[in-house]
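This is what each chain is made of:
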Amino acid sequence: MFKHCQKLLKTSNALFNLNFLQVQSQRLHSKGVTVGIWRSYSTKSRKSENISLIDFPPERIRNFCIIAHIDHGKSTLADRMLEITGVIPENQKNEQVLDKLQVERERGITVKAQSASLFYDVEGLTYLLNLVDTPGHVDFSYEVSRSLSACQGVILLVDANQGVQAQTVANMYLAIEAGLELIPVLNKIDLKGANPEVVSKQIQNLYPVTDEEILKISAKLGIGVAEVLEAVIKRIPPPPADQKKPFKALVYDSWFDKFKGIICNVAVKDGVVMKGDKVTFHHAQKSFDIQEVGILHPEQTPTNILLAGQAGYVIANVKSSTGTLVGDTMYHKSTPVDPLPGFRPAKPMVFAGIYPIDQSQYIKLRESITKLTFNDSSVSVAQDSSAALGVGWRLGFLGLLHMDVFKMRLEQEFDASVIITAPNIPYKVRIIGAKNIKKYKGEEVVVLNPCKLPDQTIISQYFEPMVRATIVYPDVYIGEVQALISDRRGRTEDQTYLDNSRVMLKVIFPLNEILINFFDELKSVTKGYASFDYEDYGYEETNLSKVSFNINNVDVEEMTLLCHSSNAQKMCRKICARLQEAVPRQQYKVQIKGQVNNKHICTEVVNPYRKDVTAKLYGGDVTRRNKLLAKQAEGKKKLRSLGNIQVPKDVFIKVLTQK
Ligand code: GDP
Ligand code: MG
């Protein structure tokens, strides 16, 4: 009886499904739209066929990310997957095809997670695979954590030559926390130095997996890539999605396109969405008509429909003033649903002021920053102003590389000319009697900009941000690494051996100590064999001093910094000496003074020198002379005037960020 009921239920479900899809198809036909895309195979036959997304119920969908330490071959594996599934032709020139940004190509690193939908046949059935290639560097881990929310499994790629590294571990834990299926894959087995046995053991020390379950491949040569795709289909579960429920989708990424406006990447959790539908963003509380919907193949390929379990993009004429969309839930305006949990907001680790080189460019720069933050939602933006640099913003980044990449993207993708101040980290202070002082909302004040530190006489306690670092290195360098850790005020919390000679340390550091050139030093003391990653570890009480500088008695507020009191005098002298080298000679004598907590510590002098740009000119061609003067005037925009002297605006940042 029970079996009979089950059978009936199954048939009625099947009928429902059929009816449901028919209804969807009719809806589409009535709108005069098609639901297919042309798919070409790269398998031997090289045929092509028209396929429809309606044919892919959740059971035949797999959503997965490739995660790894930087340079372990994620983007190269993605290239081979695109080739094997016929999305791009197989040729020698496909190198990190998904790294589309100019900065990614120039630096050879991935900074932005990229999705691609692929079709792959196993045992006579075609599967729809949604692959996300992620960045490896710690500064872009927000990209990884967001991408994981659109997936049910991950490929954990480990270089068989380098072994498990700090970001391998960090990214692996992100995937485990998200409850995803893990497929460990050893890459670069073609390399002479590859040691798959040892590296397999390292993985097994971290994660319960048998030797057979660890795949061994060469992404570069395409060895074992088909097996990886098969493992994705067999080992990663299909998305838990229901096509019959009301439409609900998670916006897991967005970007701004010059021609099409704002584009959202969505993972459809339930239901169906089609071109022409009216949708609402839950948190933004704004509704729009969907103009285009499709999959990334890896270029935008309109399909006019996306069904539960699938991932793709939607374009809905969203205004750039709508605010952050990433993490928001999208549903049909007529059938609101409970929102999805969304994402934990990114926690900025470093802050810097950003200003247009020329104040007349303020509005254009504001637009550019807004557009770029659609593509990089981990950047926090607040208005700021400086007596020296004018009106601008204080931006929060996840690290210095992130800051650098954001600046480069503003310049490359939006043609902006900006000046970015020296980075600093968010300290906290406790104010005595804050209740009686109107401008402080509470006892604790976060200081994002050191020159806005409250009056030190009313500060009772200082707190600095801490991080929990993972360091993986060969144990022959134990002495050097320990010395570096104590020099940077670190305290070791845990030590594990990944194999006979490879150590993994967990160390608590003040963020300030590891931000600038810690990793370079770590690499140099371990001959390049150490890797490093960190996560937020809250605040701890500390002693801080304010170090400030003035040039010819004018305060250089962008040079003000906070540092640990034990280091303040040394830091003050060091920076003063660097400034002396960096400030160009002027027509007057220049005096640079350093102070700690407003007490004078040191003075350096730059001797005068006269620069006349037209001095070299003899003879009377007035146009040439004017041209030179005009060039000089243009250059002056990049100068900051301090009392009677002129200094290039970026001198201060260079001084504060150099070794
Ligand atoms: P990602 O940072 O993880 O995306 O790494 P990439 O895909 O950018 O690759 C980093 C470097 O490793 C590139 O120079 C690739 O050519 C190289 N690489 C990737 N896979 C292999 C492989 O299987 N064998 C060898 N020899 N080199 C590889
Ligand atoms: Mg990459």
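Conventions used here
- Residues numbered from 1 in each chain as written.
- Chains lettered and ligands numbered in written order.
- Predicted model: local features only at pLDDT ≥ 70, side-chain atom pairs only at ≥ 80, totals over all residues.
- Heavy atoms only, no water.
- Pairing = 2+ DSSP bridges.
- Helix = DSSP H or I, 4+ residues; strand = E, 2+ residues; numbered from the N terminus.
- Axes fitted to C-alpha atoms, helices over the stretch in contact; angles between N-to-C directions.
- Contact = heavy atoms within 4.5 Å.
- Expected span 1.5 Å × (residues − 1).
- Buried < 20%, exposed > 50% of the residue type's maximum accessible area, 1.4 Å probe, protein only.
- Arc of directions from axis to C-beta.
- 1 Å grid on protein atoms, 1.4 Å probe; cavity = no way out; pocket = protein on both sides within 12 Å on 5 of 7 lines; lining within 4 Å.
- Points joined across faces, edges and corners; volume = space filled by probe spheres on them.
- Nonpolar A, V, L, I, M, F, W, Y, C, P; charged D, E, K, R; others polar.

Draft legend 1. Representation of the sheet that holds strand 13 (residues 286-289). The 8 strands lie next to each other as 13-12-18-9-10-17-14-15, forming an open sheet whose pairing is antiparallel. The open sheet terminates on both sides in strands that have one partner only, identified here as strand 13 and strand 15 (300-302). Strand after strand, the sheet turns through a mean of 40° between neighbouring axes, direction not considered. Across the sheet, helix 8 (residues 362-375) is in contact with strand 9 (248-257) and strand 10 (261-270); its angle to strand 9 comes to roughly 140°.

Draft legend 2. Spotlight on helix 13 (residues 568-582). With 15 residues, helix 13 should cover 21 Å at 1.5 Å per step; its first-to-last C-alpha distance of 21 Å lies within 8% of that length. Regarding helix 13, the residues found buried are A568, C572, I575, C576, R578 and L579. The buried residues of helix 13 occupy an angular sector of 165° when the element is viewed end-on, so they sit on one face. With respect to the buried face of helix 13, the exposed residues turned more than 90 degrees away are K570 and E581.

Draft legend 3. Structural view of unusual backbone geometry. Residue P298 is reached from H297 by a cis peptide bond, and omega for that bond is -10°. With respect to the helices, strands and loops of the structure, P298 is situated in the loop between strand 14 (292-296) and strand 15. The phi angle at K188 is positive, at roughly 65°, despite the residue not being glycine. When you line up the elements, K188 lands in the loop between strand 7 (181-187) and helix 6 (196-206). For N317, which is not a glycine, the phi torsion comes out positive at approximately 55°.

Draft legend 4. Seen up close, empty space enclosed by the protein. Under the defined criterion, the tally for this structure stands at 3 cavities of 30 Å³ or more. Estimates place the volume of the largest cavity at around 100 Å³. Lining the largest cavity are 14 residues, with V111, F140, E143, D376 and H402 positioned closest to its centre. Of all the secondary structure elements, the ones that give two or more residues to the lining of the largest cavity are helix 4 (141-148) and helix 9 (400-414). Of all the elements, helix 9 adds the most residues to the lining of the largest cavity, at 4 residues. Across the lining of the largest cavity, the residue classes tally to 6 nonpolar, 3 polar and 5 charged.

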